[in-house]
Amino acid sequence: MPLDLWDARATATAGTDDAPAPPLAVTRQRRVCRANAAARAAGVQPGMSAATAAALCGGLVLRERRPEQEAQRLAQLAQGALAFTPQVCIDTGEAFARTTDAPAPGKRSPRQPAPFPDAPTLLLEIGGCLRLFRGLAALQRRVQRFLRRERASARLACAHTPLAARLFAVNGVATPHFFTDDGQPDARALHAALGALPVAGLGLDTRTEESLMTMGFRQFSDIAALPRPALGRRFGQEFIGWLDRVTGTREDPRTPVAPETFFVREVNFLDGIVHHEGLAFPMQRLLGEFTRFLRQRQFATQQLTWRLTHVDGSAQEIAIHCTRPETAPAALLALTRVRLEAIRLPAPVETLRLACRQFVPLAAAPAHAGLFPASEAAANEAGLDSLVDRLRARLGDAHCREFTAVDSWQPEAAQAVAARAPGGLRQGTEATRVRVTVKQEHADYLPSHAHLAAAGSERARPLWLLREPARVHRDGAQLLWNGRLEIIDGPERIDTGWWAQPVQRDYFVARHEAGTLCWVFHDHARGEWFVQGVFG
Amino acid sequence: MPYAELCCQSNYSFLCAASHPEELVERAAACHYRALALTDECSLAGIVKAHLAAKARGLQLIAGSLFHLEDPAHPEHPVRLVLLAPTRSAYAELATFITRGRRRSPKGEYRLALRDLERLVRECLALWLPDDDSDVTRAQGAALRALFSAGAPRLWLALTALRDGNDTRRHLALHALALHLQLPMCATGQALMHERARKPLLDVLTAIRLNTPVQQLGTRLQANGERHLRTLHELQRLYPPALLEESTQIAARCTFSLDELRYEYPEELVPAGMTATQYLRALTETGARTRWPQGTPAPVQAQIAHELALIADLRYEYYFLTVHDVVSWAKAQQILCQGRGSAANSAVCFCLGITEVDPARSELLFERFLSRERNEPPDIDVDFEHERREEVIQYIYRKYTREHAALAATVIAYRPKSAVRDVGKALGFDSDLVEHLARSLGWWESAASLQARFREAAPQANGRLAQLFLQRAQEILGFPRHLSQHVGGFVITRAPVSTLVPVENAAMPERSIIQWDKDDLEAMGLLKIDVLALGMLTAIRKTIALVNAGGTPLAFSRIPAEDPDTYAMLQRGDSIGVFQVESRAQMAMLPRLKPQTFYDLVVQVAIVRPGPIQGGMVHPYLRRRAGEEAVDYPSAAVRGVLERTLGVPIFQEQVIKLCSVAAGFTPGEADQLRRAMGRWKKTGELEQFRGKLIDGMRANGYTQDYAERIFRQIEGFGEYGFPESHAASFALLVYVSAWLKRHHPAAFCCGLLNSLPMGFYSPSQLVQDARRHGVTVRPVDVDHSDRDCTLEIDGESGAALRLGLRQVEGFGADAAGRLVAARAQAPFANLQDLKTRAQLDRAQLAALVAANAVTRLSAHRRQGHWEARAIEEYKPLYDAAERADSTQLADGIRLAPPGECEDLLADYASTGLTLNRHPMALLRERAPFNRCTRAIDVAKVRSGSFVQVAGVVTHRQRPGTASGVLFMTLEDETGNSNLVVWNATQQHFRREVLNARLLLVKGIAETKDNVTHVIAGHFTDVSDALAGFAPGSRDFR
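Residues numbered from 1 in each chain as written. Chains lettered and ligands numbered in written order. Predicted model: local features only at pLDDT ≥ 70, side-chain atom pairs only at ≥ 80, totals over all residues. Heavy atoms only, no water.

S.K.: Residues and numbers for the overall build of chain A, please.
M.R.: A tally of regular secondary structure across chain A gives 14 helices and 20 strands. By residue count, 42% of the 536 residues in chain A fall in the buried class. Taking as baseline every contact in chain A between residues at least 6 positions apart, the subset at least 24 positions apart corresponds to 62%. (Helix = DSSP H or I, 4+ residues; strand = E, 2+ residues; numbered from the N terminus. Buried < 20%, exposed > 50% of the residue type's maximum accessible area, 1.4 Å probe, protein only. Contact = heavy atoms within 4.5 Å.)

Here it is, written out as structure tokens:
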């Protein structure tokens, strides 16, 4: 009977175990689930609350597990492991979790978890590729090398079924001696090792595990020896199914991970293309093929790369970025052309390759494929976006900048210049101007400088700010900045930023002797005057 | 140019403003404001504090409140309005208006609309705070003008200059609006802090309120610190004189002061045709006849006459009648209760049945009652059985209605941990760091170590930010965070409560609280009755009921006094389960103090407290009691104060009295001192008395050292005040519970078990103690157990204690009820029958198996679990024919029985105790435990010699008074060993001390005054010796 040979690994959650590491514990729902050597030495143990652990171990670094990041890392490793076998599966550790019983409330003592029973694992079916890698030992060495390269710490185990391999791995059972180098199993040793696994290390749901423990079952063999119908009556058919899959009396089909999606096509030209125009047609053809590929998969993209290989072996890459996810060949071609015009072809082009590795599901892309844009604003925005795309394509990303308003009292922090990010332009809010007329009735309720304000002095903010506030000189009470300044309104007081860079200023509008209005401030901390900007 | 600030919020507008009411008053007075209105948002919670401060500074204080009123016509634009109370009736109107808004909203919120003004506000003055002159504000202004049109002008348009660059525009806009509406204008500051320097804290509070770090708040923070109480000089630069002048005109119209509030008692208690005085006298006389059927002793009669005269003089009759009413109702419902407090220990209260402390039994206590000089309201707290207090509360609500009865508030304020958490979050610190920092403030640490902890936790942190963090955390300490409900202080009034103080909803449904806390109530002379819960009363009632059921008639009031056997037991320190004196420190004190009379118990209860300990009074008292030191008094006056405690001050009252007698405090000063004691932790107010006390005592010939000790004792009382009158009421419960333990140990243990959770000890410890006293304890059994623990009377061996189903983890009262009912019909045939007839689900059946309560129905635990698991879930249509026998359930499988250790662990896991051998008894057979001294033998070791002990850690305690010493208790099969762990040892064995469940300790035995301690030197954590063994230690502060 042919045996499947699997290989399971537990991945570490985060970081590497460098030698003089500070004490670190990984927690899940504020309970420690793993601790490094330094933390364990201080008495930190799995199952402890984060508070207790912190109390025990001064300077303990606590990290909460982040399931999404773990899943991402695992998926990445799985892609790498495809180098060894096409059959790679991810096992998140939830293979047998019964949902019929809710966990028992109010347990007096929290269960001490087994080494790491819910560790995510990768399962590699290696039965078929032992010969290719010249034996089990050699294959394991290569896997170890791969893991080192990936800076992942893991435990390897081999067994005749996926679940058994997983259990050996999470329980830290060394397995090489269960198989000869060409994959022949030592059935007795395998059986004995499996039977000796502790019930607490089987990764069962808490209720089932506790129930088995109360009946006095301590290891796998205690359970496996019982008649299946009696067990089924108590723990259900799902449990029996799990048991049988562990021992191998039942099939355990699994869905292997699929290789990543990417699109790469190339065209070769026998005699090389010398002119830009010659590239237009093959590019159009490749883009056509690409958009069909996108349509079939309901994808759009914001980024693709052209690679031009020349007859002399040199190569050029042109990366195309779109502001919004794109599917239309015409738009992509237009962007490509703009970029192409800007480069010089040093030698005839022998190979043209189009590659795209990053996709967005179409549903997530804003729909503007309709016959009419949904609204004028949307149409404007779409027009603006394509304008921005073309500007970027022509000027280069480095030369496109965007002004954004930042919510801050501090004037120089209130606007930011940022590299143009994908996505629509932000609409600035238009300041509303209030017209004020003064009546002279009820005059003693009026401010003393009402005549000045009649000009309309809403909160003053000049459009042009100096790059750096410019120092204003004083001659007695007279302010001088390339001429005399006369204060006509203010102050507006700003006192903020104490948590970083304290800003304590009184702002005034001042009239320069040349007639321009300046925005000046008095810095309280430094006791000096500055010009911040000029009103247009 | 004079000015009155008419819109100013304190930190009682929770998280919206950054100064205490007292600070605002102080600043307003310093700035020579004509008046200050405290206008917290929909609240008067800070007004009493401001009132007291304003009175002290001679500043006019105006009661007011700020509102955001809904306008149904413009839902996006609420109307900002300040209401001020010019008169007493306007104040009632304001309090009622706030109450209306609060009572219809969940805790902490309010909802009020413009139309509510129409119905509820007739006399209040109003300042409207609009932002601009738009169509919306014009419409709202017109509506307001219509609402406030009657009589003299009552509505102003308030202008605030904020120096935000908009001042001029706003000023012109509001001016135009005022012209349009023909409204007068005035200047207001809308202050949120007393001075500019609080701006950073205000930003932090905003961040906490909006749950966003300050760095991300941008313009949601105030642009500057202008919203403080500005100097008159600055105000003159900001406002035209006419606007400032107008503010003082408004203030001049507000003549109301909080001093006008008069408390009025509910009247309905007095029968028609009688005055309250006559009725109280009649009730007292009736009571006296019941208490002394042979005639009231003459001294008591004189005491009663004296007390009644005093009560009549101070007009407190209704207060006593109210307490009497509540207590009588509770007694009629068979709810055990007892009063305590200065007024409770009076002959009148004894006659009224409020207390059982007999004046004839201890006249020492009764010299102090109410006094004319002491400006102190009568203080009666009534303790009720903790399981039945809710019935009493509901009675009060029923009798006086929710309109007239409400609970006092407790102000929840920032403490070191919460300050660290909230400020850290507001400054955008990593949540791990904040949490670590908050938690690393161990349960025994104070804020002082915060800085060190911060450096330890985040050595790489930016030093400046750390500094800012610490400053803000220090500033926020003591800031009120929200109102919560007082443990049981009821205010009952004749007029609706809401005319005195606003009422709002508590977090608990069907509870309403007033916006003032107990200090406010006391300051305003409002009387409250504390309806408290006490577990020991429950236990005593249950014990007495068990004794009565056993055929011995007994009642709380008929327990024989001064029983020598009871005192003998207490003198041995044999007091597990006894009220108050069961703690370790008390237990260690009993053999030294050797109580022989009731008054000794009063001292015993009061002496192991921070006051006497910090004052160093314990040893002098013990020495004098033992006759090792002469009892003398520095003067006759002091003799009068200290005679009953052998010249050593023990009680809070004695210390205060000493201040008058020996340090020359005036009655007023003594009264201030007494109030300050209750608040020491909050404000450090006591420090101001230090100089006066020490100078005064030295001038009267006392030594510096003695005076310092008295002051330390005062500080100790500040931490935990314990007056003699409370001690006396507690001492009575000590005596009663001790008597029950001595004479009815099985019933007493049973009563305690049925009243848990309460007290100091776990069920396991109580049961072990009972067994050591010869009580037979029987396990939980589905054939015999009720829900509660019961007494089973067997012929000659007396009563045995049968554990109840309540001990079984995961088995609720409902299931227990069904089981007992099903058993009454027929005994259970097997597990299937039990499960079906008691309608148990699978988890409940498993819980019974786990408790080993089905021993007749299945062979042992393992087999029981195996069989129980095979039974299908409960089906309502149960067919008797389906009734399976055990062989079917077992599937022919016989499992091996569990070992002793497994059974023991399962016992603890399910019932928290075992009736089999103690875990230490099991371990005792093996090394290294076979070389350890048993707890019972530790006392026999020569003092000063080396000893090795091992046991289960049952208590860890670090009293605030013992400068870093940690006390631990280890339990083994023979009893408890007491460990003393010095600070250095704790640091060295931090891990074992914090974490171990089973410890092996090497140390030095030390015996003094019949009490043996082990001074711990070396710890070994042996928790793994019984894997998974975790009865759970309880940590005490």
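S.K.: Got a sec to walk through the pairing of strand β17 (residues 798–802) of chain B? Specific residues and values, please.
M.R.: Bridge analysis of strand β15 (residues 777–778) of chain B against β17(B) gives two bridges, and the strand direction is parallel. Residue pairing in the sheet places B:R778 in a bridge with B:R802 of β17(B). (Pairing = 2+ DSSP bridges.)

S.K.: Tell me about the environment of B:A826, residues and numbers included.
M.R.: All names here are of chain B. Following the sequence through the fold, A826 ends up in the loop between α35 (813–825) and α36 (831–837). For A826, a relative accessible area of 29% translates into the label partly exposed. Residues A826 and R837, 11 residues apart in the sequence, show an inter-C-alpha distance of 9.8 Å.

S.K.: Explain the sheet that holds strand β19 (residues 517–523) of chain A to me, and be specific about the residues and the numbers.
M.R.: Note on sheets: strands pair through backbone hydrogen bonds, and any given pair is parallel or antiparallel. Residue and element names in this part refer to chain A. Strand order in the closed barrel formed by six strands is β15-β16-β17-β18-β19-β20, and the pairing between neighbours is antiparallel. Each neighbouring strand pair of the sheet contributes to a mean axis angle of 40°, computed without reference to strand direction. Pairing analysis gives two bridges linking strand β16 (residues 478–480) to strand β17 (residues 484–496), with the strands arranged antiparallel. Counted as the bridge partner of L480 is R484 from β17. (Axes fitted to C-alpha atoms, helices over the stretch in contact; angles between N-to-C directions.)

S.K.: Lay out the nonpolar core with the relevant residues and their values.
M.R.: Residue and element names in this part refer to chain B. Counting 134 residues, the largest nonpolar core has L83 and W516 as the members making the most contacts within it. Sorting elements by how many residues they give to this core places helix α12 (residues 317–332) first, with nine residues. The contact partners of L83, leaving out residues within four places of it in the chain, are A63, G64, S65, F67, L94, F97, L117, V121, C124, L125, A126 and F148. Among the nonpolar cores identified, the runner-up in size contains 126 residues, and I576, L622, V638 and I710 belong to it. (Core = buried A, V, L, I, M, F, W, Y, C linked by side-chain atoms within 4.5 Å.)

S.K.: How would you explain the sheet that holds strand β9 (residues 381–385) of chain B if you had to name every residue and give the values?
M.R.: Residues and elements named next belong to chain B. The seven strands are arranged β8-β9-β14-β11-β10-β13-β12 in an open sheet whose pairing can be described as mixed. On the outer flanks of this sheet lie β8 (337–340) and β12 (503–505), each paired with one strand and no other. Strand after strand, the sheet turns through a mean of 45° between neighbouring axes, direction not considered.

S.K.: Describe the packing of α12(B) against helix α14 (residues 389–404) of chain B, and please don't skip the residues or the numbers.
M.R.: Residues and elements named next belong to chain B. Relative orientation of the contacting elements α12 and α14 amounts to 125°, with a least axis distance of 10 Å. Taken together, α12 and α14 sit at an angle that is classed as oblique. Where α12 crosses over α14, the handedness of that crossing is right-handed. For the pair α12 and α14, the contacting residues are T322, D325, V326, W329 and A330 in the first and E391, V392, Y395, I396, R398, K399 and Y400 in the second. Residues of the contact of α12 with α14, tallied by class, amount to seven nonpolar, one polar and four charged. (Parallel < 35°, antiparallel > 145°, perpendicular 65-115°, else oblique. Left-handed = near helix turned anticlockwise from the far one by under 90°. Nonpolar A, V, L, I, M, F, W, Y, C, P; charged D, E, K, R; others polar.)

S.K.: Give a detailed account of the pattern of salt bridges, specifying residues and quantitative values.
M.R.: It is possible for side chains bearing opposite charge to pair when their charged atoms get close. Residues and elements named next belong to chain B. On inspection of all chains with the given rule, the structure shows 70 salt bridges over all chains. Between E226 and R230 there is a salt bridge; the shortest N-O distance is 2.9 Å. Judged on exposure class, the residue E226 and its partner R230 are both buried. A salt bridge links E356 to R291; its shortest N-O distance comes to 2.9 Å. (Salt bridge = Lys/Arg side-chain N within 4 Å of Asp/Glu carboxyl O.)

S.K.: Provide a residue-level description of helix α27 (residues 652–663) of chain B, including the pertinent values.
M.R.: Residues spaced three or four apart along an α-helix point in a common direction, a consequence of the helix completing one turn every 3.6 residues. Residues and elements named next belong to chain B. The end-to-end C-alpha distance of α27, which contains 12 residues, comes to 16 Å, matching closely the 16 Å that a straight helix rising 1.5 Å per residue would cover. When you tally the buried positions in α27, you get nine out of 12 residues, the bulk of the element. The first or second residue beyond α27 is G664, which carries a positive phi of 70°. (Expected span 1.5 Å × (residues − 1).)

S.K.: Could you give an account of the packing of aromatic side chains, naming the residues involved and the relevant values?
M.R.: Enumeration according to the criterion identifies 32 aromatic pairs over all chains in this entry. With centroids separated by 5.1 Å and ring planes inclined at 90°, the aromatic side chains of B:F579 and B:F730 adopt a geometry described as edge-to-face. Here the residue B:F579 occupies a position in the loop between α21 (564–571) and α22 (584–593), and B:F730 occupies one in helix α32 (residues 724–743), the gap between them amounting to 151 residues. B:F730 shares its class with B:F579; the two are buried. Geometrically, the ring pair formed by B:F760 and B:Y761 is edge-to-face, given 5.4 Å between the ring centres and 70° between the ring planes. Looking at B:F760, the relative accessible area reads 11%, which means it is buried. A network of ring pairs unites the aromatic residues A:F263, A:F290, A:F293, A:F299 and A:F359 as a single cluster. Looking at B:R291, its charged tip hangs above the ring of B:F350, at a distance of 3.8 Å from the centre. Here the basic side chain of B:R472 rests over the ring of A:W498, its NZ or CZ set 5.1 Å away from the ring centre. (Phe/Tyr/Trp six-rings, centres within 6.5 Å; stacked < 30°, edge-to-face > 60°. Lys NZ or Arg CZ within 6 Å of the ring centre and 35° of its normal.)

Function cannot be inferred from these measures alone, as they are strictly geometric.
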